[in-house]
Amino acid sequence: MNATTILKILAIVLAAFIPAPFLGRYLAKVYRGDRHFLSFLAPLERAFYKIAGIDEKQDMGWKDYLAALLVFNAFGLVLLVLILMTQAWLPLNPQRFPNLSWHLALNTAISFVTNTNWQSYSGETSLSYFSQMLGLAVQNFASCATGAAVALAFARAFARPTGRKQPFGAIEEPDAAPKSDTTPRGNTTPKNGAAEAPERRREPAAFRPSRLGNFWVDLVRTTIYVLLPLSLVVALFLVSQGVPQNFSHYAAATTLEGKATLVPMGPAASQIAIKQVGSNGGGFFGVNSAHPFENPTPLSNFVELVAILLLPAAFPFLFGEIVGKRKQGMALFGAMALLLIVGLVATVAAESAPNPALGGLPALEGKETRFGIVDTAVWSAFTTAVSNGSVNGMLASGSPILVLVATFFITLGEVVFGGVGAGVYGILLFAIISVFIAGLMVGRGPELLGRKIESREVQLAMLGVIAPNFIILVFSAIALVIPSARASILNAGPRGFTEVLYAFASAAGNNGSALAGLATNTPFYNTMMGLGMLVGRYCVIWPALAIAGSLAAKRPIPESAGTFRTDTVSFALLLCAIVVIVGGLTFFPALALGPIAEHFLAASGRLF
């Protein structure tokens, strides 16, 4: 650690954080339907609606929104399974790769549809160009847009109700004050002396709940105005740095040692761009961004790191724009940033320290020595905090502290920025739990952004938090007691235990990064991890949308002197504490048996 290293880390973090508020405002314009600098693409948006027969003005309740989301994702899942199981007969397969087995095809399809991007295969030896482009890359866009759509629906639940028609997501004005519910009874005598019939009693103005929007509109706008432009810019930059983008056969070459080899080719830049921008992380090549064709230069390394954090950092500000309280977005951003920075500092410090198990030398094996050890440490913190899953070095070669931080970030449940959109609705579940606990401490009814939090919302929030944790712990326990599953563990001691825990955490947390040292391309791991991905994705989305529907139907509560403000530094700190406490209470015993035990063994000079 020196001044140059610190400046390098600051440059990466600031390059992602500084544009976040401005990008959040741009996103708000996109989803409101306001004019923005890409509005010239509006005819393309309308063409999609016309071709698909979508009424873009149709409003959806939370059940309709969820149904549309599930149908869309199910269609993508079935289509991707078919592509992977028939790729040998499809075009753009110059290497004539065979079809994938049923369990590998199912695992891969679930992985990309759920924005997990776990890979039990090596791309350059398993998948055709057709599978990579029309299979995986398409789902990189679709799964990211799905997460963004859920975050938008959740945010709209807090928007003020109105009777006026406005574009979905607009910051809405409150209804006019209701007229009195009492009117004069009996006959009245007008000026002309004629008797007038009694007036009908006026009722209070009907409450019109905030709408959650239209899933198809959110999906299309996210893709056209956000993901495609950003991915195009990043892809063109990567091509300029030497990342291949072609349909050529693999090139024959001879190594310096005189051995014949094949140099992989293919449309890599396009998939690498969306894997970083969309919090996907699935590599075109087996070793991901540690491969010189995925990440060839220090500039490409810098841009890919920034791309990982760019959209997830903007979504808290988007939330603040939609609910009409920018300070609220800043509070959520501050809580996420604090957790990331603490983990980042711990990771970089651990990787930079001498390793007693190696005679006091730094551990260089498996690190990104082209750019420096620090880049591997920063990447590991970013990729596990943001639910990206890509790597530019091998996590299996990391120190126990690096593994501890990475595992802890994943098990927190996509709340330290998390995936695009997923981080916002994930941390809002914790925000609901936080205001409930705060209400118990001060003796007031819990409220969040003018909506009363009741038992239904708390129960659903706890379901969204507990479901992935249940999968991680229970499925890890099952894998550790079944002999055939234990046979896949390639390392002994605490590291072997951690590899199993990390694999299921990566699946249920929809992260996709791998600790390695675990042979997962088996029917057991492919099916169990596939199930974990589904639960980790949809057993969080379902409670989030159900809460959104419940909150949207409630009459807003005006702020008063007794309102517990959730846009302050104190609330951000409380939110961080709740996130850490819930994660610590759930996973501390497992972490104590894994990376914590390994850390103390390494400190004593032992590897295991």
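This text follows the structure it describes.
Rules and cut-offs
- Residues numbered from 1 in each chain as written.
- Predicted model: local features only at pLDDT ≥ 70, side-chain atom pairs only at ≥ 80, totals over all residues.
- Heavy atoms only, no water.
- Helix = DSSP H or I, 4+ residues; strand = E, 2+ residues; numbered from the N terminus.
- Buried < 20%, exposed > 50% of the residue type's maximum accessible area, 1.4 Å probe, protein only.
- Contact = heavy atoms within 4.5 Å.
- Areas by Shrake-Rupley, 256 points an atom, 1.4 Å probe, with all protein chains shown as cover.
- Pairing = 2+ DSSP bridges.
- Salt bridge = Lys/Arg side-chain N within 4 Å of Asp/Glu carboxyl O.
- Expected span 1.5 Å × (residues − 1).
- Patch = residues over 30% accessible without salt bridge, like charges linked within 9 Å, V, L, I, M, F, W, Y side chains within 5 Å.

Novice: Tell me about the overall build of the protein chain, and please be specific about residues and values.
Specialist: A tally of helices and strands in the protein chain yields 19 helices and 4 strands. Scored against the burial criterion, the 608 residues of the protein chain give a buried share of 56%. A fraction of 78% describes how many contacts in the protein chain between residues 6 or more apart in sequence connect residues 24 or more apart. As presented, the protein chain carries roughly 25,000 Å² of accessible surface, and 68% of it is formed by carbon and sulfur atoms.

Novice: Requested: an account of the pairing of strand 2 (residues 260-263), with residues and values cited.
Specialist: Regular strands have side chains that alternate between both faces of the sheet. Relative to strand 2, strand 1 (residues 251-254) is paired through 4 bridges, and the arrangement is antiparallel. The residue of strand 2 that forms the bridge with Ala 253 is Thr 261. Here strand 1 folds back onto strand 2 in antiparallel fashion, the turn holding 5 residues, of which Gly 258 has a positive phi close to 85 degrees.

Novice: Before we move on, can you summarise the pattern of salt bridges with the specific residues and values?
Specialist: The final tally for this structure, using the stated rule, is 12 salt bridges. Two residues, Glu 454 and Lys 554, come together in a salt bridge whose shortest N-O distance is 2.9 Å. With a gap of 100 residues between them, Glu 454 in the loop between strand 4 (451-452) and helix 15 (455-481) and Lys 554 in the loop between helix 18 (523-552) and helix 19 (569-603) connect regions that are remote in the sequence. Residue classification places Lys 554 among the buried positions, given a relative accessible area of 14%. Connected through shared salt-bridge partners, Arg 25, Arg 32, Asp 34, Glu 321 and Arg 326 make up one network.

Novice: Outline helix 14 (residues 422-442), listing residues and values.
Specialist: Between its first and last C-alpha, helix 14 extends 30 Å over 21 residues, near the 30 Å set by a 1.5 Å rise per residue. Counting buried positions along helix 14 yields 16 of 21 residues, so the element is predominantly enclosed. Where helix 14 ends, the next residue or the one after it, Gly 443, has phi of about 80 degrees, a positive value.

Novice: So what's going on with a nonpolar patch on the surface? Residues and values would help.
Specialist: On the surface, Ile 6, Leu 7, Leu 10, Leu 14, Ile 18 and Phe 22 cluster together into a nonpolar patch covering about 610 Å² of accessible area. It is helix 1 (residues 3-17) that contributes the most residues to the nonpolar patch, 4 residues altogether. Within the element layout of this structure, Ile 6 appears in helix 1. On the basis of relative accessibility, which here comes to 43%, the residue Ile 6 falls in the partly exposed class.

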